[in-house]
Amino acid sequence: MEENPQRNVVVRQERDETVQRQIVAMLPRLRRFARSLTGNATDADDLVQDTVERALKNIARWEPGTRLDSWMYRIAQNLFIDGVRRRRQYKAAPVEAAENAPSVEGERATEARLMLAKTVAAMQELPEEQRLAVSLVLVEGFGYQEAADILNVPIGTLTSRLARGREALARRLHPAVET
Amino acid sequence: MTVTTEKLLAYVDGELSPDEMKIVQAALAADPELRRELETQRALTHSLQSAFDRVLDEPIPGRLSEAVRSRDPGRSWHHRVTEALRETFAVRPLFSGAAAASAALALGLAAGVFVAQPDGGDFAADPQGLMARAELAKTLDRQLASDQDPNAARKIGVTFRNGNGEYCRTFNVPGSAGVACREPAGWHVLALAATQSSRPQSQYRMAGADMPDAIRDAVTAMMAGPALNAEAEKRARDRGWVAGN
């Protein structure tokens, strides 16, 4: 087939604009994913920003017709793991203060806030591999196969990381129910 | 326990087939300990979702929207070309034909990967790189810097020869400035960068004054001799920009 550079230009431009709209729509979920990995807003948004930049830079490698969100999550988890390995960015940072809860809040509300903070902290204590598995399946709602694809591991590896991560979290967060 | 932990978790996650679900449900009915484990897992899922779902309701920080927008096709393309140039000239500061050739290669790749033209018709992506076409090609072919309409959309800056003896000219088009060299196939655009104003007719800007650093640097790197004066420019044009030494 004859190549038409002008037409290719237009096609690429349209694709890029569509992709940008999809990425904007994806930002809330990517931020949630990053928050569950890093435990704080600043590192999480750094991770999301790097993810967006890397994705747009490499957009030619994304195959149209495949899920853009899975591809973005894959980039995010790669950056996260790289960052952890470099011991520079995205490392566990102090959990946002939960003790600043105004005293006018009812006991239940304070309890709920403490539970949130405990949950965020417990996630930070998991090994990164387990944290990724827990986050993708339980927080982001991916199916096992999708999550395994994002992490580029066999499904058995995913389910075993998921089981170990859950066990550790349940011990920390729901000991009374478990015993 | 009558079913494995992983099976129970798969049940909680909705990953089981209808048949497997029935097996787990039967086991749950018979085993209080398994029911407690199920409750624990459901409570855990709930805790995780409450802790992180609230992020969805937060406003998106400006820097993230900006990260998506700042790659809008027009700017992205400029950005990419400029980046390719900078990398090329940073690793090869020699003002030689080889440097110009590798710049051309880098630009060709950049343009091929992510071309999205800001202005439609002035450029064509080609296997060799980016070529000037239509009005821009015409301007590069004919227009003398000494004799141009100050309100023209496309203007010529300086004309010079590169290490291969080819004639090169800087130009301004709406929103961009660049430099192109006359090769047998046509005007090969070796550098292009966004100009600050996307309104070329702005009366506050003079031809040639609106020259981004990236272009100025590229020109400095490519030049093999002084810029042509008006007389030499006219002579070169009248001879059809034939390369030589």
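So, how was this worked out
Residues numbered from 1 in each chain as written. Chains lettered and ligands numbered in written order. Predicted model: local features only at pLDDT ≥ 70, side-chain atom pairs only at ≥ 80, totals over all residues. Heavy atoms only, no water. Helix = DSSP H or I, 4+ residues; strand = E, 2+ residues; numbered from the N terminus. Buried < 20%, exposed > 50% of the residue type's maximum accessible area, 1.4 Å probe, protein only. Contact = heavy atoms within 4.5 Å. Salt bridge = Lys/Arg side-chain N within 4 Å of Asp/Glu carboxyl O. Axes fitted to C-alpha atoms, helices over the stretch in contact; angles between N-to-C directions. Parallel < 35°, antiparallel > 145°, perpendicular 65-115°, else oblique. pLDDT = per-residue confidence, 0-100. Disulfide = S-S within 2.5 Å.

Trainee: Explain unusual backbone geometry to me, please; I cannot follow it from the model alone.
Mentor: Generally, phi is negative for residues other than glycine and the peptide bonds are trans, each holding for most cases. One non-glycine residue with positive phi stands out, namely Asn 152 of chain A, at about 60°. Its identity as a non-glycine residue notwithstanding, Trp 241 of chain B has a phi of 60°, on the positive side. Residue placement: Trp 241 of chain B occurs in the segment after α9 (230-238). We classify Trp 241 of chain B as buried; its relative accessible area is 3%.

Trainee: Hey, could you run me through the side chain of Arg 31 of chain A in this one?
Mentor: Relative to the helices and strands, Arg 31 of chain A is located in helix α1 (residues 5-38). The residues contacting Arg 31 of chain A, other than those within four sequence positions of it, are Ala 44, Asp 45 and Val 48 of chain A together with Val 55, Glu 58, Pro 59, Ile 60, Pro 61 and Leu 64 of chain B.

Trainee: Teacher, can you tell me more about the pattern of salt bridges here?
Mentor: Oppositely charged side chains can pair when the atoms bearing their charge come close. Residues and elements named next belong to chain A. Under the definition given, this model contains 22 salt bridges over all chains. Between Glu 128 and Arg 131 there is a salt bridge, and its shortest N-O distance comes to 3.7 Å. With Glu 128 and Arg 131 both in helix α5 (residues 128-139) and 3 residues apart, the pair spans about one turn of that helix. Given the relative accessible area of 23%, Glu 128 is considered partly exposed.

Trainee: Can you help me understand the packing of helix α7 (residues 155-173) of chain A against helix α3 (residues 32-53) of chain B in this one?
Mentor: A pair of packed helices can be characterised by two numbers: the angle between their axes and the separation between those axes. Packing of α7 of chain A against α3 of chain B brings their axes to within 10 Å, and their N-to-C directions diverge by 85°. The orientation of α7 of chain A with respect to α3 of chain B, classified from their angle, is roughly perpendicular. Seen from α7 of chain A, the contacting residues are Arg 166, Leu 169, Ala 170 and Leu 173 of chain A; seen from α3 of chain B, they are Thr 40, Gln 41, Leu 44, Thr 45 and Leu 48 of chain B.

Trainee: Help me understand the confidence of the model for chain A, please; the structure alone is not making it clear to me.
Mentor: Caution applies to low-pLDDT parts of the model: their predicted coordinates are not meant to be read in detail. All names here are of chain A. For chain A, the mean per-residue pLDDT works out to 83, and 79% of the residues sit at or above 70. Averaged pLDDT values over the elements of chain A bottom out at 57 in helix α8 (residues 175-178) and peak at 97 in α5. A low-confidence stretch, residues 88-92 (pLDDT under 50), is modelled with 16 contacts involving residues beyond four sequence positions or located in other chains. Contacts of residues 96-102 to residues separated by more than four positions or lying in other chains number 8 contacts, the stretch itself having pLDDT below 50.

Trainee: When you look at the state of the cysteines in this model, what are you seeing that I'm missing?
Mentor: In a disulfide, the sulfur atoms of two cysteines are covalently bonded to one another. Residue and element names in this part refer to chain B. Scanning all chains against the criterion turns up 1 disulfide over all chains. Between Cys 168 and Cys 181 runs a disulfide, and the two sulfur atoms are separated by 2.0 Å. Between Cys 168 and Cys 181, the disulfide has an S-S torsion of 105° and is therefore right-handed. Separated by 13 residues along the polypeptide, Cys 168 in strand β4 (residues 167-173) and Cys 181 in strand β5 (residues 176-183) bring together distant segments of the chain.

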